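# Results of the structural survey
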Amino acid sequence: MSKKIKIGSVCIGGGERPAVQSMTTVKTSDVEKSVAQILRLEEAGCQIVRVAVLDEEDARAISAVKQSIHIPLVADIHFSARLAVAAVESGADKLRVNPGNIGGERELSLVADCVKAHGVPVRVGANTGSIEPRFLKQYGRSAKALVLSALENVRILERHGVRDIVISVKASNVPLTVRAYEMLAGETDYPLHLGVTEAGTEHMGIIKSSIGIGSLLLKGIGDTIRVSLTSDPVKEVYAARGILRACGLDEDYAEVVSCPTCGRCQYDCMGLAERVNERVKNVKKKLKIAVMGCVVNGPGEAREADLGIAGGKEYCVIFRGEETERVPADRAEEVFFSRLEELIK
Ligand code: SF4
């Protein structure tokens, strides 16, 4: 089991359910926009948020942003020990740095002393674009090169006495990402941050992340996850939550099961399934809701649902194990939603 680490109010590792992360896409020094985006991410279920720190203004803005948000904030910094220290002093709950480009030993000591004094963990890692040249030369863009690069960064931090470390080894190639994390998990007990990097736009990005992150989670690997999408980060959070649920790691939600429909379906089953999903997407209660295309097969196939509807041309059937109501088709959606509200309450 991985070591437990505290990031602000959130613990990762040590058997905790993997925490959902995302990253803002606005300039951090624009406090109003940063807060607005983070609050939307929180509402979607984000548990840890990362912001890019490019300059002093960004670092200073962290303290103002933190006053209006409710989840831990990670500062992502490249090339500057000074900014890393400023971000921690401004209230960052965790740093994402690359010890190899932060300056030199003296600069690294400054950062290490600062994070130790503030009890702030650090994520280090490698992706296929940041493999150490000597490992790249020896092993190419391989899982081994990624793992050796990441572990070298860990050793550098350890030499400076830092022990609260989180590691990532990301590639945009899914099989390579999975191999690298499997290898890394065998080498360390620091918590692992899972992600497929540069996964792409929404459709393919979610597929790649689901397979990459999901296959690792199913093997018990991974302590925090980030789905990277070239899209609204709120979609990253919904995708990440979906991955946890599909892997059986989050049961406190309303699962909507629905049939694919076929020629037997004579009502707007697809539209209704979408509307039901939208209504329950933030419900944190273990429920199963079924939206089925026809009364012939629907109630039987979805017998285990807490509430279900199966549509017909003249009437719809509402069921909870057994049929409970038969409602004229034109009133079916209204009645179904009122039963759904009773259940959610
Ligand atoms: S439940 Fe009915 S409509 Fe849906 S796929 Fe099965 S037979 Fe077709």
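To start, this report covers the structure provided alongside it. (Residues numbered from 1 in each chain as written. Predicted model: local features only at pLDDT ≥ 70, side-chain atom pairs only at ≥ 80, totals over all residues. Heavy atoms only, no water.)

### Overview of the nonpolar core
For the record, the criterion: Definition used in this section: a nonpolar core is a set of buried Ala, Val, Leu, Ile, Met, Phe, Trp, Tyr and Cys residues joined via side-chain atoms within 4.5 Å. Think of it in three bands: with a 1.4 Å probe and only protein chains considered, a residue is buried below 20% of the maximum accessible area for its type, exposed above 50%, and partly exposed in between. Each helix is a run of H or I in the DSSP string that is no shorter than four residues. Each strand is a run of E no shorter than two, and both are numbered from the N terminus. Contact criterion: two residues are considered in contact whenever any of their non-hydrogen atoms come within 4.5 Å of each other.
Grouped together as the largest cluster of nonpolar side chains are 78 residues, with contacts concentrated most on Ile77, Leu95, Ile167 and Leu194. For this core, the element with the highest residue contribution is helix α6 (residues 143-159), accounting for nine residues. Residues in contact with isoleucine 167, not counting those within four places in the same chain, are Val124, Ala150, Leu151, Val154, Tyr181, Leu184, Thr188, Tyr190, Pro191, Leu192 and His193. Core analysis: the second largest hydrophobic core is formed by 25 residues, Val256, Cys265, Ile289 and Ala332 among them.

### Notes on the sheet that holds strand β3 (residues 19-23)
For the record, the criterion: When DSSP finds two or more bridges between a pair of strands, those strands are recorded as paired. Interaxial angles span 0 to 180 degrees and are taken between N-to-C directions of axes, which are lines fitted to C-alpha atoms, for helices over the stretch in contact.
The strand order across the open sheet built from eight strands is β8-β7-β6-β5-β4-β3-β10-β9, with neighbouring strands paired in parallel fashion. Each edge of the open sheet carries a strand with a single partner, namely β8 (165-170) and β9 (193-194). In this structure, β3 lies alongside strand β10 (residues 224-226), joined through three bridges in parallel fashion. Within the sheet, the bridge partner assigned to valine 20 lies in β10 and is isoleucine 225. The sheet strands contacting helix α7 (residues 174-185) are β8 and β9, and the helix crosses β8 at an angle near 150°.

### Describing the sheet that holds strand β11 (residues 254-258)
Spatial ordering of the open sheet is given by β11-β12-β13-β14-β15, a layout of five strands whose pairing is mixed. Only two strands of the sheet have a single neighbouring strand rather than two, namely β11 and β15 (322-328). Averaged over all pairs of adjacent strands, the angle between their axes in this sheet comes to 20°, without regard to strand direction. Direction of pairing for β11 relative to strand β12 (residues 287-292): parallel, over a ladder of five bridges. For alanine 254, the partnering residue across the bridge sits in β12 and is leucine 287.

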